[in-house]
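Here is how the chains run, residue by residue.
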Amino acid sequence: MAQTLPNHKHIIFTIFIFSYLLQAQAHQFARKLSTKSQGLKKEKLSHLHFYFHDIVAGDHPTAVRVAEAPTTNTSRTGFGATVMIDDPLTVGPERTSKIVGRAQGIYASACLSDTRLLMALNYVFLEGKYNGSTLSILGTNSVFSPVREMPIVGGSGLFRFARGYALAKTRMFNISNGDAVVEYNVYVLHY
């Protein structure tokens, strides 16, 4: 009987250590995964081309100023002006062209010396195989440069794990009311 008691202690100790290790495993912060385990296939490069319609004027604006600094209206760059957008993305430059998505987010005048916008927005696609997928932009936009480059920092749906860049080129700017049409060429790596 003296022999059985130490064996029980050994078994209980082993069970305790084993359950502790299992519990520690269940609460780990990070672990490596394979792309296949997440259903990801081969990475590919896609090129998207569309027109961004920033409509400030009229009865149905898609870009609305939601905030400004006390000095925004006296600043030569409009520093501090913050605009919320839900701009249509179309196949062609005409406002009546087929809508393929929306640009939703904010842009803000973020430079004291130059007309440069901080862009934080999502392209939400509504057509074709990308319907329901998004791309996220976070970067600077020097609006009076002929071509501006902004980073694609992520996405969802078919653009999960996306990265790339967007090239923007102003096609029309109405100086009297602020409406603009911007051509976008977007190059994105995704699975």
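See the structure above.
Our subject in this report is the structure included herewith. (Residues numbered from 1 in each chain as written. Predicted model: local features only at pLDDT ≥ 70, side-chain atom pairs only at ≥ 80, totals over all residues. Heavy atoms only, no water.)

## Considerations on the pairing of strand β9 (residues 180-190)
To keep it simple, the criterion reads: Buried means the residue's accessible area, taken with a 1.4 Å probe over protein chains only, is under 20% of the maximum for its type, while exposed means over 50%, and partly exposed covers the values in between. Think of it this way: any DSSP run of H or I at least four residues long counts as a helix, any run of E at least two long counts as a strand, and we number them from the N terminus. Paired strands, as defined in this entry, are two strands with at least two bridges between them according to DSSP.
Counting buried residues in β9 gives nine out of 11 residues, a clear majority hidden from the surface. As defined by bridge partners, strand β1 (residues 44-54) adjoins β9 across 11 bridges and the pair is classed as antiparallel. Along β9, the bridge assignment pairs histidine 47 with tyrosine 187. Note: strand β8 (residues 163-173) against β9, 10 bridges, orientation antiparallel. Residue pairing for β9: leucine 167 is matched across the bridge by asparagine 185.

## A closer look at the pattern of salt bridges
Our working rule: The term salt bridge refers to a side-chain nitrogen of Lys or Arg lying within 4 Å of a carboxyl oxygen of Asp or Glu.
All chains considered together, the criterion is met by seven salt bridges. One salt bridge connects arginine 171 with glutamate 183, and the closest N-O pair in it is separated by 2.4 Å. Remark: glutamate 183 occurs in strand β9 and arginine 171 occurs in strand β8; sequence separation between them is 12 residues. Overall, glutamate 183 belongs to the buried group, its relative accessible area being 9%.

## Brief notes about a nonpolar patch on the surface
For clarity, the threshold we go by: Like-charged residues are merged into a patch within 9 Å and nonpolar side chains (Val, Leu, Ile, Met, Phe, Trp, Tyr) within 5 Å, provided each residue has over 30% relative accessible area and no salt bridge. Here the open area of atoms and residues is found with the Shrake-Rupley method and a 1.4 Å probe, where only the protein chains shown may cover a residue.
Taken together, the side chains of Val64, Val66, Met84 and Ile106 present a nonpolar region at the surface, about 310 Å² in accessible area. Tracing the backbone through its elements, the reader meets valine 64 in strand β2 (residues 63-67).

## Details of the environment of glutamate 183
Definition in use: Note on contacts: a residue pair is in contact if any heavy atoms of the two residues lie within 4.5 Å. Residues adjacent in sequence count toward polar contacts only when both atoms are side-chain atoms; beyond that, a polar contact is any pair of N or O atoms within 3.5 Å, and within protein one must be able to donate a hydrogen and the other to accept it.
Taking the C-alpha atoms as reference, glutamate 183 lies 6.1 Å from phenylalanine 50; in sequence the two are 133 residues apart. If near-sequence neighbours (up to four positions away) are discounted, glutamate 183 is found in contact with His49, Phe50, Tyr51, Leu167, Ala168, Lys169 and Arg171. A distance of 2.4 Å separates polar atoms of two side chains, one belonging to glutamate 183 and the other to arginine 171.

## Remarks on the nonpolar core
Formally: Throughout, nonpolar core names a set of buried Ala, Val, Leu, Ile, Met, Phe, Trp, Tyr and Cys residues whose side chains join them through atoms within 4.5 Å.
By size, the foremost hydrophobic cluster in this structure holds 28 residues, and its most contacted members are Phe50, Tyr123, Leu135, Tyr184 and Val186. Going through the elements one at a time, β1, β3 (82-90), β4 (99-109), β5 (116-125), β6 (134-142), β7 (148-156), β8 and β9 are the ones with two or more residues in this core. Looking at this core element by element, the count peaks at five residues for β5. Residue contacts for leucine 135: discarding those within four places in its chain leaves Leu48, Leu121, Asn122, Tyr123, Phe125, Ile152, Gly154, Gly155, Phe159, Ala162, Val186 and Val188.

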